[in-house]
Each structure stands twice: as C-alpha cells, then as structure tokens.
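Below are the chains, spelled out letter by letter.
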Amino acid sequence: MPETAPGGSWFTCLLRERSVQIALGLWIACVVAIFPLSGGTLPFNRPVMAGWSAPAQVVASMATMVIIFLLMGVTYFLTLRRAVPDMASRAPEIAIARRETLWLWLYAAVVMVIGQIVGRRMFGEGIGMHLNGSLFGA
C-alpha cells in the first residue's frame, strides 16, 4: 500500500502514482478508441447483448471491470496484515523456469490448434482454453 502523505488518504496517494496515472490514461484512451475503430458495431458474438448498442456494451464492460477492481480491493484489505511471502526463494533455477515456460507455450499452442480443429467440426467455430462466452462477465 502506498505511503500516506500528511493530510492525504491512501487513495489520493495511489492516484498520485505515475504507473496508476498511465494505466488509467491508457484505459480511457482504449475505450475512446473503440468507437472510431469499430465503426459502430463490436465484433463479438455475445447473444445476451445482441440487441444492445455499441456504447451500451462498452459501458457494461467497464462496469464489470469496476466490480472486478472492487473485489480486488476487498481481497487486498482482507489480506492486509498477512506477511508477504518471499517468492524469490521459491522460484526455480533459471534453466528450469525457461524450460517449463517453453513447455507451457508449446502446450498452449497445441491446445489452441486442436481446439480450432475440433471446435470447427463439432460446433461451427473454434474453441480455445475457455468455453465460448466465458470471458465476458465476471
């Protein structure tokens, strides 16, 4: 948690952080860029939002992100007094980590290719490492 300046809350100190300002700026820029880049329609297959306008879909997605950040905040405050684990001491050697990462990428590529083949034959569209529609909604 950022240090609290005299007369300031943790939230105002957080908003003064350069990384937070950059992240918020990029988020706003991406949301604003959706409208000129999309041409008024969004290229997602979301049957629940089929009749919604593009701005309504964007606002709904942003509201979902706000809920996710609130849940992250609740989790942060619930675990505030816990000791921070020393992750570096539990990390594997660099060669092992590199090998495991490469195997993980290979596994992901194989699953995505098989998902495209099986999904197109069985369902008409490819599937990935998630069920279709599961990425929309918290």
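For the structure given in this document, a descriptive report is provided here. (Residues numbered from 1 in each chain as written. Predicted model: local features only at pLDDT ≥ 70, side-chain atom pairs only at ≥ 80, totals over all residues. Heavy atoms only, no water.)

### Description of the environment of glutamate 125
Here glutamate 125 shows up in the segment after helix H5 (94-123). The class of glutamate 125 is partly exposed, set by a relative accessible area of 35%. Glutamate 125 sits ten residues away from glycine 115 along the chain, and the two C-alpha atoms are 9.3 Å apart. (Helix = DSSP H or I, 4+ residues; strand = E, 2+ residues; numbered from the N terminus. Buried < 20%, exposed > 50% of the residue type's maximum accessible area, 1.4 Å probe, protein only.)

### Comments concerning the packing of aromatic side chains
Evaluation of the coordinates by the stated rule reveals two aromatic pairs. Relative to phenylalanine 77, the ring of tyrosine 76 lies with its centre 5.4 Å away and its plane at 75°, an arrangement referred to as edge-to-face. (Phe/Tyr/Trp six-rings, centres within 6.5 Å; stacked < 30°, edge-to-face > 60°.)

### Focus on a nonpolar patch on the surface
Taken together, the side chains of Trp103, Leu106, Val110, Val113, Ile114, Ile117, Val118, Met122 and Phe123 define a hydrophobic patch exposed on the protein surface, amounting to about 920 Å² of accessible area. Looking at the element boundaries, isoleucine 117 is found in helix H5. On the accessibility criterion, isoleucine 117 (47% relative accessible area) is partly exposed. (Patch = residues over 30% accessible without salt bridge, like charges linked within 9 Å, V, L, I, M, F, W, Y side chains within 5 Å. Areas by Shrake-Rupley, 256 points an atom, 1.4 Å probe, with all protein chains shown as cover. Salt bridge = Lys/Arg side-chain N within 4 Å of Asp/Glu carboxyl O.)

### Comments concerning the packing of helix H2 (residues 18-38) against helix H3 (residues 54-78)
Where H2 contacts H3, the axes come no closer than 10 Å and their chain directions differ by 160°. By the angle between their axes, H2 is roughly antiparallel relative to H3. By crossing handedness, the relation of H2 to H3 is classed as right-handed. On H3, the residues that touch Trp27, Val31, Ile34 and Phe35 of H2 are Ala54, Pro55, Val58, Met62, Met65 and Phe69. Partitioned by chemical class, the residues of the contact of H2 with H3 number ten nonpolar, no polar and no charged. (Axes fitted to C-alpha atoms, helices over the stretch in contact; angles between N-to-C directions. Parallel < 35°, antiparallel > 145°, perpendicular 65-115°, else oblique. Left-handed = near helix turned anticlockwise from the far one by under 90°. Contact = heavy atoms within 4.5 Å. Nonpolar A, V, L, I, M, F, W, Y, C, P; charged D, E, K, R; others polar.)

### As for H3
Think of an α-helix as 3.6 residues a turn; residues three or four steps apart then line up on the same face. Taking 1.5 Å as the rise per residue, H3 with 25 residues should run 36 Å; its terminal C-alpha atoms sit 36 Å apart, in good agreement. Every buried residue of H3 is accounted for by Ala54, Gln57, Val58 and Ala60. On the buried face of H3, the contacting elements are H2. (Expected span 1.5 Å × (residues − 1).)

### Topic: H5
Spanning 30 residues, H5 covers 41 Å between terminal C-alpha atoms, matching the ideal 44 Å at 1.5 Å per step. Positive backbone phi, approximately 90°, marks glycine 124, located one or two places after H5.

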